[in-house]
Structures are given as structure tokens and as C-alpha cells.
Amino acid sequence: MGRLAIQLAEGQLDSVTISVAGDIAEHDTSIIGAAALVGVLAESSDVRVNLVNAPLIAKERGINLVQERESEALAIYSNYVGVVVRTSAGEVHLGGTTVNGRIHLLRINDFYLDMEPNAPYMLFTSQIDQPGMIGKVGTIAGSHDANISFMEVGRDAPRGQATMVVGFDDQLTDAILADITAIPGMTSVKLVHQELMTPVQPRLRGA
């Protein structure tokens, strides 16, 4: 989730907050914080980032790590981990768990859903919840011969603000991204490469 959050964020990185809830909160979770830092820092550092040196690299760059815990689990999940990446432009909040050993993403900022982030390319969008939005994204993908592996939508209310995560088997071209961005009611489109996970933003303090 750290690797996802850093690619969805904008601005200069300030802090990373890790929250755990449920049975996992009764144990030492320092390795979870270190793992999240590895995800956030790895592709933007000129040194190899690992579980041992990630906290030190973050400290050297003035990036605060905050760890929180709650004894009660979230809904039906016995364990829950949240990652909040705060930057000069705002924050990205992701939350998830594992089910039968498989990662499930449960929260994207203020939206709740349930999906497995297992596609090599994932498109994260923000849009107005309106008729035809899902169909338009699918039509554009089909017209460019881009195969969709999954699509998950979260919304705050009917015809209100919504988010969509679309998994693709194929690399998305600039033309596809431009066409999806141009859909009326679409407010934000961000592509995440699951294999490379190379964050372009935010610029790390001291980097």
C-alpha cells in the first residue's frame, strides 16, 4: 500500500502514518511500518532501501513515521492495516487486509470497496457518479484493444463523488489515458504500474 500511495500522491512528502487494527495490534508491528517505508522510498532513493535502513533514510530526509493501533477490527475483517501518505498537497489514505493469503484493498481515501490489486496496470480515477461512466471507460478500453481484468467502484452517495479502480492486462497508451480523462465528469486519472512501481511524485525532501 505504501508503493501504491506514493504513486497516487502529489506534492512533497512529509509523513507516513501506519495504523493497525484487530488481532495484529496486539503484536509488535514495527516491521509493518518499515515495510511501508520501503514501498514509499524504494524507487525514489539512490540507495537500495530495505527493512533495516528504511527508517534511517526517512529520518535523514525529515519524513516522519507515525504508528497507531486499535484493538477492534474493521467490520468483518480480523486484521486491518492503513497507510496514510501526507504531502504538501494533501494526503492519500489506503487501507487493506489479507483474506486466505491474498491482499485486499478496502479503502481509497474516503471511499470503501473490496478488491485485489493484482493487475500489472491499474487506473485509479475520481469522477462524478453518473449513468454510463463505467460503460464509457470500457468502450474506450475496447476501442484501443486494452483488456480489462477487473473494475471496482466506490462512491459516497448516488450521483455523488466516486472512485474507480480499473485493472488492465495491457500497457495503457497516452491516447487511452487522454480519452478516459476527457470523459465528462472525470476529475482525476492516475496510472499505477504494479511491476515497476516507479513513483514520479511526490519529490522527497532532501532527494
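Criteria and thresholds
- Along every chain, residues carry numbers that run from 1 in the direction the sequence is written.
- Reporting of local features is limited, given that this is a predicted model, to residues whose pLDDT is at least 70; pairs of side-chain atoms are given and counted only at 80 or more, and all residues count toward the totals for whole chains, interfaces and linings.
- Water and hydrogen atoms were dropped before computing side-chain values, which therefore reflect all heavy atoms in the structure.
- Accessible area is worked out with a 1.4 Å probe on protein chains only. A residue is then buried under 20% of its type maximum, exposed over 50%, and partly exposed in between.
- Put simply, DSSP H or I for four residues or longer makes a helix, DSSP E for two residues or longer makes a strand, and each gets a number counted from the N terminus.
- Only strands joined by at least two bridges in the DSSP assignment are considered to pair.
- By arc we mean the arc of the directions from the helix axis to the C-beta atoms, nothing more.
- Contact between two residues is taken to exist if any of their heavy atoms lie within 4.5 Å; hydrogens are not considered.
- Take a side-chain nitrogen of Lys or Arg and a carboxyl oxygen of Asp or Glu: if they are within 4 Å of each other, that pair is a salt bridge.
- Every axis corresponds to a line fitted to the C-alpha atoms, with the helix fit spanning only the stretch in contact, and the corresponding angles, defined between N-to-C directions, vary from 0 to 180 degrees.

*Asks:* Outline the pairing of strand β1 (residues 13-22), listing residues and values.
*Replies:* Judged by how many residues are buried, β1 sits mostly within the fold: 8 of 10 residues are covered. Pairing analysis gives 9 bridges linking β1 to strand β3 (residues 79-87), with the strands arranged antiparallel. The partner of G22 across the bridge, within β3, is N79. Pairing analysis gives 7 bridges linking β1 to strand β2 (residues 64-70), with the strands arranged parallel. In the sheet register, T17 faces β2, and the bridge partner there is V66.

*Asks:* Now, about helix α5 (residues 174-181): what can you tell me, with residues and values included?
*Replies:* The set of residues buried in α5 consists of I176, L177 and I180. Each buried residue of α5 sits inside an arc of 95° when the element is viewed along its axis, so together they form one side. Residues of α5 that are buried sit in contact with β7 (121-128), α4 (133-143) and β10 (186-193).

*Asks:* Explain the pattern of salt bridges residue by residue, including any values.
*Replies:* Within this structure, the stated rule accounts for 5 salt bridges. Between E10 and K190 there is a salt bridge, with its nearest N and O atoms 3.0 Å apart. Residue E10 is found in the loop between α1 (2-8) and β1, and its partner K190 is found in strand β10; the two are separated by 180 residues along the sequence. Classification of E10 as partly exposed rests on a relative accessible area of 41%. A residue is classified by how much of its surface remains accessible, and K190, at 18% relative accessible area, is buried. The residue E91 makes a salt bridge to R86 at a minimum N-O spacing of 3.1 Å.

*Asks:* Give a description of the sheet that holds strand β4 (residues 90-99) that names residues and reports values.
*Replies:* A sheet is described by the order of its strands in space; here 6 strands give the open sequence β2-β1-β3-β4-β5-β6, paired in mixed fashion. Edge positions in the open sheet fall to β2 and β6 (111-115), since each of these has one partner strand only. Going across the sheet, the axis of each strand differs from the next one's by a mean of 20°, ignoring polarity. In the packing of helix α2 (residues 30-41) onto the sheet, contacts are made with β1, β2 and β3, and the angle to β1 comes to roughly 140°.

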